Amino acid sequence: MNFEGQFVLVTGGSRGIGRSIVEAFANAGATVGFVYNSNSAAADAVVKELTDKGKKVSAYQCDVADKVAVDALVEKLVGEWGRLDVLVNNAGIIKDGLLATMTFEDWNAVIATNLTSVFNFCQAVTRPMMSQRYGRIVNMSSVAAEFANAGQANYAASKGGIQGFTRCMATELARRNITVNAVAPGFIETDMTAAVRNAAEDEIKKRIPARRLGKPEDIANATLFLAAKESGYVTGQVLKVDGGLTLGGI
Ligand code: NAP
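The following paragraphs examine the structure supplied in this document. (Residues numbered from 1 in each chain as written. Predicted model: local features only at pLDDT ≥ 70, side-chain atom pairs only at ≥ 80, totals over all residues. Heavy atoms only, no water.)

A short note on a nonpolar patch on the surface
Step number 1: There is a patch of nonpolar side chains on the surface, built from Met1, Phe225 and Leu239 and spanning about 280 Å² of accessible area.
Step number 2: If you trace the backbone, leucine 239 turns up in strand β7 (residues 238-241).
Step number 3: Taking relative accessible area as the criterion, leucine 239 reaches 30% and is therefore assigned partly exposed. (Patch = residues over 30% accessible without salt bridge, like charges linked within 9 Å, V, L, I, M, F, W, Y side chains within 5 Å. Areas by Shrake-Rupley, 256 points an atom, 1.4 Å probe, with all protein chains shown as cover. Salt bridge = Lys/Arg side-chain N within 4 Å of Asp/Glu carboxyl O. Helix = DSSP H or I, 4+ residues; strand = E, 2+ residues; numbered from the N terminus. Buried < 20%, exposed > 50% of the residue type's maximum accessible area, 1.4 Å probe, protein only.)

Focus on the site of the ligand
Step number 1: For the ligand, the set of nearby residues contains 32 residues, the closest of which are Ser14, Ser38, Asn90, Tyr155 and Thr190.
Step number 2: Between aspartate 63 and the ligand, the recorded distance is 2.9 Å, taken from a side-chain N or O atom to a nitrogen atom.
Step number 3: Within the side chain of lysine 159, one N or O atom sits 2.9 Å away from an oxygen atom of the ligand.
Step number 4: The fraction of the free accessible surface of the ligand (900 Å²) that becomes covered by protein chains is 95%.
Step number 5: Elements represented by at least two residues in the shell around the ligand include exactly α1 (16-27), β2 (31-36) and α5 (153-173).
Step number 6: Across the shell around the ligand, the residue classes tally to 13 nonpolar, 15 polar and four charged. (Near = heavy atom within 4 Å. Polar contact = N/O pair within 3.5 Å; in protein donor to acceptor, adjacent residues only side chain to side chain. Nonpolar A, V, L, I, M, F, W, Y, C, P; charged D, E, K, R; others polar.)

Digging into the pattern of salt bridges
Pairing between side chains becomes possible if they bear opposite charge and their charged atoms approach one another.
Step number 1: In total, this model carries 13 salt bridges according to the counting rule given.
Step number 2: Residue glutamate 23 pairs with arginine 19 through a salt bridge whose shortest N-O separation is 3.7 Å. Of this pair, glutamate 23 and arginine 19 both sit in helix α1, four residues apart, roughly one helical turn.
Step number 3: Judged by its relative accessible area of 25%, glutamate 23 is partly exposed.
Step number 4: What makes arginine 19 partly exposed here is its relative accessible area of 22%.
Step number 5: The salt bridge involving glutamate 146 is made with lysine 240; its shortest N-O contact spans 3.2 Å. Of this pair, glutamate 146 sits in the loop between β5 (135-140) and α5 while lysine 240 sits in strand β7, and the two are 94 residues apart along the sequence.
Step number 6: For lysine 240, a relative accessible area of 38% gives the class partly exposed.

Spelled out as structure tokens, the structure:
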């Protein structure tokens, strides 16, 4: 897939899945800006590694839950770039806990970072994408949206919310040549799943028909497919990338 001449914004691009998405777009010729929250060393390392290879990548500190900061960042980037072709809403966190003991702060933090952030960025990019009559938006959901995982009520609510939001946005924006889709990853090897993998990697693999965990590149490939110019007739969809985990077979 060729993204030469395109301008791409990725949230949570400093580590894990987001980092792989940044790399894939940069390798495909795009100019990429990515957002991180607190780990500036990780963000700087991504920028250095890719710019040393001649890629066009820059990092921006911005809390995705902060609407004022998001509006300012998108305005600045669109001002510099003159357009914005692709938005990937990837940033996300977990703060697991059973409902009986889950704090209001942990509920709010997960909803704000995972779901309100998608509203913030989609609203900020909608005007420039509508006026250029082109856009591709990919939102990172999760198979957890449909799993009944004890301890993940906040996370599942945020990821299910993303799926409903994605379908409504797709309908609102389709006539402007803007597609809005979601990717629902299964178990992917990143920092986010480190604790679960340490505790039960073999058990998890037995539940996955592909008999392996996913790699960040598996999600990056699906994201680039949905973000490609050629995918303009695909909108409002949730693409599961999970090695068959949710198929329900034995
Ligand atoms: P990760 O390795 O923990 O990386 C998270 C990224 O999000 C980091 O770049 C982090 O930046 C950024 N981030 C977190 N909070 C932020 C905030 N408030 N503002 C800006 N950036 C923020 O996570 P991952 O495993 O790659 O997951 C990426 C996405 O995929 C998430 O939405 C996650 O829910 C989803 N997902 C993951 C899996 C999986 O198995 N890993 C499965 C399904 C869905 P800092 O380091 O600076 O905080």
